[in-house]
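Coordinate analysis (summary)
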Amino acid sequence: MSEKKIKNIFVNGPISSAFIAESIAKHSTKTAIGGHSIFMGQVRADEIEGKTVSAIEYTTFEDAALEKMHEIREEIFEKYPLNCMHVHHSLGNIKNGEICLFVFTSSAHRKPAIDACTEIVERLKAELPIWGKEIFEDNTHQWKENK
Amino acid sequence: MEIEIISFGKIAEFLQNQELQLEGIVDTEQLREHLENKFPRLSSMKYKLAVNKKLVQVNTLINNNDSVAIMPPFSGG
């Protein structure tokens, strides 16, 4: 593992559209970039046996998740010619309609940005120890399973 | 020896974080069996172990004071 600092990807609560806009704006000075790719995950109001999901509560095994994300980050940077990669994942209670995941990659031309963004999302869902508890309107819950 | 058990997600609903005294258990295969006897609800669930924050992919030796995480399937994103 390299000696680069391990970045914290976690934010408490939802990811605001202001934060996302700000994050995009910050790249206007990086003029070697020609393409950005963004993925945003939003909490869906799934209906399960007549009950609607009102929120998802996210928890993590933080140290292990950050170490694994660091590994993924290094591998993605080796595989794709990226200028930038930003990953933010919510913890705590996120209501339906709110953003809980923001992945943002940039490269000189579109293809690496798009492919890296997709691969990060897939790997993050499969490999990071994060759990989502789906909370229904009547305060009962069930544990989310990734498809 | 003594190990620390930490659990997450739906497993944390019935298995509290705790110190566990182990006799005659040397690796994660044996630990799985021991945990499933001690906490029968585990035996019908899918879960992974991590020893000192490292995901267990092959049978791994356990040492005194190790921290073992019990993790249900991940559901981030």
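Residues numbered from 1 in each chain as written. Chains lettered and ligands numbered in written order. Predicted model: local features only at pLDDT ≥ 70, side-chain atom pairs only at ≥ 80, totals over all residues.

Looking at an unreviewed UniProt entry, one finds chain B named MoaD/ThiS family protein, with Pedobacter cryotolerans as its source organism.

If you check an unreviewed UniProt entry, chain A appears there as Molybdopterin synthase catalytic subunit from Pedobacter cryotolerans.

The subject of this paragraph is the overall build of chain B. A tally of helices and strands in chain B yields one helix and five strands. Each helix and strand of chain B, ordered N terminal to C terminal, gives the series β-β-α-β-β-β. Taken over the C-alpha atoms alone, chain B extends approximately 35 × 25 × 20 Å along its principal axes. The buried share among the 77 residues of chain B stands at 27%. (Helix = DSSP H or I, 4+ residues; strand = E, 2+ residues; numbered from the N terminus. Buried ≥ 20, exposed ≤ 12 C-beta atoms within 10 Å, placed from the backbone.)

This brings us to the packing of helix α2 (residues 62–79) of chain A against helix α3 (residues 110–127) of chain A. Residue and element names in this part refer to chain A. Close contact between α2 and α3 brings their axes to 11 Å; oriented N to C, the two are set at 155 degrees. In terms of orientation, α2 lies roughly antiparallel with respect to α3. Of the two elements, α2 crosses α3, and the hand of that crossing is right-handed. When α2 is examined against α3, the residues Lys68, Ile72 and Ile76 are found in contact with a partner set consisting of Ala116, Glu119, Ile120, Arg123 and Glu127. Here the residues of the contact of α2 with α3 are counted per class, giving four nonpolar, no polar and four charged. (Axes fitted to C-alpha atoms, helices over the stretch in contact; angles between N-to-C directions. Parallel < 35°, antiparallel > 145°, perpendicular 65-115°, else oblique. Left-handed = near helix turned anticlockwise from the far one by under 90°. Contact = placed C-beta atoms within 7 Å. Nonpolar A, V, L, I, M, F, W, Y, C, P; charged D, E, K, R; others polar.)

Quick look at helix α1 (residues 28–38) of chain B now. Think of an α-helix as 3.6 residues a turn; residues three or four steps apart then line up on the same face. All names here are of chain B. Where α1 is concerned, the buried positions are Thr28, Leu31 and Leu35. The buried residues of α1 all sit within an arc of 50 degrees when viewed along its axis, so they share a single face. Exposed residues lying more than 90 degrees from the buried face of α1 are Glu33 and Asn37. Looking at the packing, one finds that the buried side of α1 touches β3 (48–51) and β5 (67–71). (Arc of directions from axis to C-beta.)

Close inspection of predicted coordinates is inappropriate in any region flagged by low pLDDT. Residues and elements named next belong to chain B. Chain-level pLDDT for chain B is 96 on average; 100% of the residues reach the 70-or-more range. Of all secondary-structure elements in chain B, the lowest mean pLDDT belongs to strand β4 (residues 54–55), at 94, while β5 reaches the highest, 98. Overall fold confidence for the complex sits at a pTM of 0.94, while the interface term, ipTM, reaches 0.94. (pLDDT = per-residue confidence, 0-100.)

Let us look at the sheet that holds β4 of chain B. The five strands lie next to each other as β2-β1-β5-β3-β4 (chain B), forming an open sheet whose pairing is mixed. Of all the strands in the sheet, the pair left with one neighbour each is β2 (18–21) and β4 of chain B. (Pairing = 2+ DSSP bridges.)

Facing 13 residues of chain B, the contacting portion of chain A comprises 22 residues. Looking at side-chain class alone, the side of chain B that touches chain A contains seven nonpolar, four polar and two charged residues.

Residues and elements named next belong to chain B. Within β5, four of the five residues are buried, which leaves it mostly tucked inside the rest of the structure. As paired elements, strand β1 (residues 2–7) and β5 share four bridges and run parallel to each other. Paired with Ser7 across the two strands is Ile70, which belongs to β5. With four bridges connecting them, β3 and β5 associate as antiparallel partners. Of the residues in β5, the one forming a bridge with Val51 is Val68.

Here we come to the environment of Ala126 of chain A. Along the chain, Ala126 of chain A turns up in helix α3. Note: C-alpha distance between Ala126 of chain A and Asn146 of chain A (20 residues apart in sequence) is 8.1 Å.

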